[in-house]
Each structure stands twice: as structure tokens, then as C-alpha cells.
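Each chain, letter by letter, is given below.
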Amino acid sequence: MNQNVFIELINPFKDKVFRLAKRLLTSTEEAEDATQEVIVKLWNKKESLESYSSVEALAMTMTKNYCLDQLKSKRAGNLKIVHTNYTDREPQLDKKLEDINSLEWVEKIISQLPEQLQMLIQLRDVEQYEFDEIAKIVNMNETAIRVALSRARKKIRESMLNTHRYGIQ
């Protein structure tokens, strides 16, 4: 496989690799390093990539494993999830502030979830992966993923309702 074919192969999903790394590692620099590391590993495997049913799933799995290894080695206590994938249609200022406040609360709640749930939320709700693709990436069955996501979303919803009913927690 030559370099141009390799680049065409990884271009469609390299941004997803970066966003997953950023979700798990928080730091843009660390996410860039992780993305580069995964691409280098894929390049080293370039001759055998055609034997994989989904190179994207392989790349996401490699990203997940690399990031979790990095987190274990550093045990970074400053996990923070930043979500910037929404579009702004210029709502009124008070609505913007309310949305920003709610997003910050959701990010805070998600950051308190276990790493695996954070990853599942990132892959399904942000990256829009199908359950069968997520199952390959995280090595779980689809039913377990659905149950875990349902519980995580319920916890987020309950925390948000409590915040809005009773004020700041």
C-alpha cells in the first residue's frame, strides 16, 4: 500500500480519532499526540490493513486503548469533557446563557461518570456510531452497551432535573 492510498484510507475517520482522544485525554496536545501515534501504528500495519473488516473500528479501538493506557500511566485527575459540535442559530442572549450553563452541567455530570460510560456517550451520542461498531471498538455486546447508555443518560437527566429544581448542587 502506497502513501496516497493509506492517506485516502484514514482521512475519513482521522478527525473522529482525534475527537475520541480529546474526549478521553482532555488536552489538545495529548489528543494530537494520540492521533499521531495511532496513525503511525496504522502505517506500520499498512500491509495487513485490508484483512480488517473495518479499519475505522480498528483505529478507534487503538485510540481507546492508547488513551486509556495514557490515563492509567498518568491518572490524570482533571478529566473534562468539552463538546463543541453544536451549531449556533443565534438565539436570544438569555437562552444562550441558559444553554451554556446547561451544557457545562452536562459536561460536569458526564465527567463524573466512569471512563467507559464517557467513552460510550462520546461514540454513540457525539460521533453517532452504530451499536455494532461500538461493540467492536469497546469489546462489549450491543445489549450491554444499550443498557449502560440508558443508565448513563438517566443519571445525567436526573442530575440535571435536580439542578434545575433545587438550584446549584
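First things first, this report covers the structure right here in the doc. (Residues numbered from 1 in each chain as written. Predicted model: local features only at pLDDT ≥ 70, side-chain atom pairs only at ≥ 80, totals over all residues. Heavy atoms only, no water.)

Here we look at the overall build of the protein chain
Alright, step 1. From N to C terminus, the protein chain includes eight helices and zero strands.
Alright, step 2. Reading the protein chain from its N terminus to its C terminus gives the helix and strand order α-α-α-α-α-α-α-α.
Alright, step 3. Counting only residues that meet the buried cut, the protein chain has 37% of its 169 residues in that class.
Alright, step 4. Restricting to contacts in the protein chain with at least 6 residues of sequence separation, those with at least 24 account for 67%. (Helix = DSSP H or I, 4+ residues; strand = E, 2+ residues; numbered from the N terminus. Buried < 20%, exposed > 50% of the residue type's maximum accessible area, 1.4 Å probe, protein only. Contact = heavy atoms within 4.5 Å.)

Structural notes on the pattern of salt bridges
Alright, step 1. If you walk through the whole model with that rule in mind, you get five salt bridges.
Alright, step 2. When the shortest N-O distance is used, the salt bridge between Arg19 and Glu127 registers 2.8 Å. Linking Arg19 in helix α2 (residues 14-25) with Glu127 in the loop between α6 (115-126) and α7 (131-138), this pair joins segments that are 108 residues apart in sequence.
Alright, step 3. Accessibility expressed as a relative area gives 30% for Arg19, which makes it partly exposed. (Salt bridge = Lys/Arg side-chain N within 4 Å of Asp/Glu carboxyl O.)

Considerations on α7
An α-helix turns once per 3.6 residues; consequently, residues spaced three or four apart project the same way.
Alright, step 1. Of all the residues in α7, the buried ones are Phe131, Ile134, Ala135, Ile137 and Val138. Mapping the buried residues of α7 onto a view down its axis gives an arc of 165°, with all of them on the same face.
Alright, step 2. Backbone geometry just after α7 places Asn139 at a positive phi near 60°. (Arc of directions from axis to C-beta.)

A short note on the packing of aromatic side chains
Alright, step 1. Considering all chains together, one arrives at one aromatic pair under this definition.
Alright, step 2. In this arrangement the basic side chain of Lys16 is found over the ring face of Tyr129, its NZ or CZ atom lying 4.9 Å from the centre.
Alright, step 3. Note that Lys46 overlies the ring of Trp43, its terminal NZ or CZ placed 4.0 Å from the centroid. (Phe/Tyr/Trp six-rings, centres within 6.5 Å; stacked < 30°, edge-to-face > 60°. Lys NZ or Arg CZ within 6 Å of the ring centre and 35° of its normal.)

Observations concerning the nonpolar core
Alright, step 1. Grouped together as the largest cluster of nonpolar side chains are 45 residues, with contacts concentrated most on Leu42, Leu120, Leu123, Val138 and Ile145.
Alright, step 2. At the level of elements, α1 (3-10), α2, α3 (28-44), α4 (55-74), α5 (93-111), α6, α7 and α8 (142-166) are the ones that each hand at least two residues to this core.
Alright, step 3. With ten residues, the top contributor of residues to this core is α4.
Alright, step 4. When residues are assigned to domains, this core turns out to be shared by domain 1 (1-86) and domain 2 (98-168), each giving three or more.
Alright, step 5. Those residues in contact with Leu120 that sit more than four places away from it in its chain are Asp125, Ile134, Val138, Met140, Ile145, Ala148 and Leu149. (Core = buried A, V, L, I, M, F, W, Y, C linked by side-chain atoms within 4.5 Å. Domains from an automatic or database assignment.)

Comments concerning the environment of Glu142
Alright, step 1. Here Glu142 lies in helix α8.
Alright, step 2. For Glu142, a relative accessible area of 32% corresponds to the partly exposed category.
Alright, step 3. Between the alpha carbons of Glu142 and Asp132 there is a distance of 6.4 Å; along the sequence they are ten residues apart.
Alright, step 4. Excluding its chain neighbours within four sequence positions, the residues that come into contact with Glu142 are Phe131, Asp132 and Ala135.

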